[in-house]
Amino acid sequence: MINEGKNIYSIINETKNRSFGPIGIDNREVNLIFYQDIAAVVSNTLVINFDQLDKTELTKYVAIHQKVNEEIMKEYDMVPLTFGIVAPSSDEVARILEKAYLQFKRALRNITGKAEFVVQARWETKKVLEELASADPEIQELKQEISSKGSIFGMPIKLKLGRLVHEKIEARKQEHRKDIHTFLNTIACDTTFNKLIDEDMVANFSFLVEKNKEPELDQKMQELGKKYEGKLKFKYIGPMPPYSFSNINLSLGNFEIIDEARKLLGLEEKTTLNEIKKAYHALSHQYHPDKYGGKSETAEKMKKIIEAYNILENYCQNCDEFIGKAEDQSYSFKEEDVKNSLIIRAQ
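Residue positions are given per chain, counting from 1 as you read along its sequence in written order. In keeping with the predicted nature of the model, local features appear solely for residues at pLDDT of at least 70, side-chain atom pairs appear and are counted solely at 80 or more, and the whole-chain, interface and lining totals rest on all residues. To get the side-chain values, all heavy atoms of the structure are used, and hydrogens and water are removed first.

### Regarding the sheet that holds strand β6 (residues 114-122)
In step 1: Pairing between strands is defined by DSSP: at least two bridges between them are needed. Helix and strand definitions follow DSSP, with helices as H or I runs of at least four residues and strands as E runs of at least two, each counted in order from the N terminus. Across the sheet, 4 strands lie side by side as β7-β8-β6-β9; this open sheet has antiparallel pairing. In the strand order of this sheet, the two ends are held by β7 (188-193) and β9 (233-240), each with one partner. Neighbour-to-neighbour, the strand axes of the sheet open up by a mean angle of 20 degrees, direction not taken into account.
In step 2: On the sheet, helix α7 (residues 214-227) packs against β6, β8 (201-210) and β9 and is oriented at approximately 170 degrees with respect to β9. A fitted line through C-alpha atoms serves as each axis, taken over the contacting stretch for helices, and the angle formed by two N-to-C directions is quoted from 0 to 180°. The contact rule is simple, with two residues in contact once any of their heavy atoms fall within 4.5 Å.

### Re the pairing of β8
In step 1: With 9 of 10 residues buried, β8 is to be regarded as a mostly interior element.
In step 2: Sheet topology note: the β6/β8 ladder contains 9 bridges and is antiparallel. The partner of F117 across the bridge, within β8, is F207.
In step 3: Two elements, β7 and β8, share 5 bridges in a ladder whose sense is antiparallel. Following the sheet pairing, F193 is matched in β8 by F205. Each residue's exposure class comes from its accessible area (1.4 Å probe, protein chains only) as a fraction of the maximum for that residue type: buried when under 20%, exposed when over 50%, partly exposed otherwise.

### A short note on the packing of helix α3 (residues 101-111) against helix α8 (residues 254-264)
In step 1: At a minimum axis distance of 7 Å, the contact between α3 and α8 shows a crossing angle of 65 degrees. Residue-level inspection shows Y101, L102 and Q103 of α3 in contact with α8, the latter providing N254, I257 and I258.
In step 2: The residue classification treats Ala, Val, Leu, Ile, Met, Phe, Trp, Tyr, Cys and Pro as nonpolar and Asp, Glu, Lys and Arg as charged. All others, Gly included, are polar. Considered class by class, the residues forming the contact of α3 with α8 number 4 nonpolar, 2 polar and no charged.

### Things to note about the pattern of salt bridges
In step 1: Each reported salt bridge corresponds to a side-chain nitrogen of Lys or Arg within 4 Å of a carboxyl oxygen of Asp or Glu. Going through the model one piece at a time under the given rule, you end up with 12 salt bridges.
In step 2: The salt bridge partner of D37 is K105, with a shortest N-O separation of 2.9 Å. Separated by 68 residues along the polypeptide, D37 in the loop between β2 (30-35) and β3 (38-46) and K105 in helix α3 bring together distant segments of the chain.
In step 3: We classify D37 as partly exposed; its relative accessible area is 23%.
In step 4: The buried category is assigned to K105, whose relative accessible area is 10%.
In step 5: Here R172 makes a salt bridge to E131, at a shortest N to O gap of 3.1 Å. Of this pair, R172 sits in helix α6 (residues 155-184) while E131 is found in helix α4 (residues 125-135), placing the two residues 41 residues apart along the sequence.
In step 6: Overall, R172 belongs to the partly exposed group, its relative accessible area being 24%.
In step 7: Sharing partners across several salt bridges, the network here consists of K67, E71 and K74.

What follows is the structure, given as structure tokens:
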């Protein structure tokens, strides 16, 4: 017996049933499975071990998965899921939507009207090394010392030279990355620093940008190209589904997400939106990266504080939709109440 499951491509805001045609993996029909006011974009697929596929076949499946999400993105704001999430049944898809409902809603609010753009910068490492060797006084001095001492006695100096060249290369890369990020971040809603693929890659960013600002981003990329002409080559990809900005943890349920956010902001199990805002502003002031010279640890802490605030704010908004909004409304963050509020909304 051949087992089939549901390949999940992405999550969208939708309540009406529809089909997107046979555009899925193996030309399967792509349609929707619902929970409350969100839907999973799915198609039937054979349940196989993707780790056993050869590279060519796996690349083909990933490309189709991405192509489906690109088609969905033409009509919807969407939270794209990485390739390989296959549920055994429609009921299990609905259970995933229920379990991670608040995460999906938060992600959908965060990416509404926005798309991901990837910006990569490269140089010719050989050319940069030659430039350093001919223009940097410290490097020239060490090279002269090596020449005067010979290959054996000059070995410690060679090691010192190697370390110095590495430090100079990394410092220049860091300088370029900072400049590119500062220049483009003025129109971005969020940024991720992606892994450098090889030694010639200087920068690899993903920017979350409002779709209507794409022409402005195009202009900025042209300006960067002129500024670094002859030094850096840029690769600019987008608009894309916002994979880098849709961090969904399917192992965590709604309560776990909310409880973690509540504890991070130091709140009681029953509180008001005003108290949530006060706690957020106090922590924002305490951990603002500008107070610590933009240190990465502080920036990461600040990012978690912002995320926690967004989670709690979204939860309060969901409660308001069901029970109605009252002045100085109190919200319960006890496990039973959080779960009940979502169960009631689902009926």
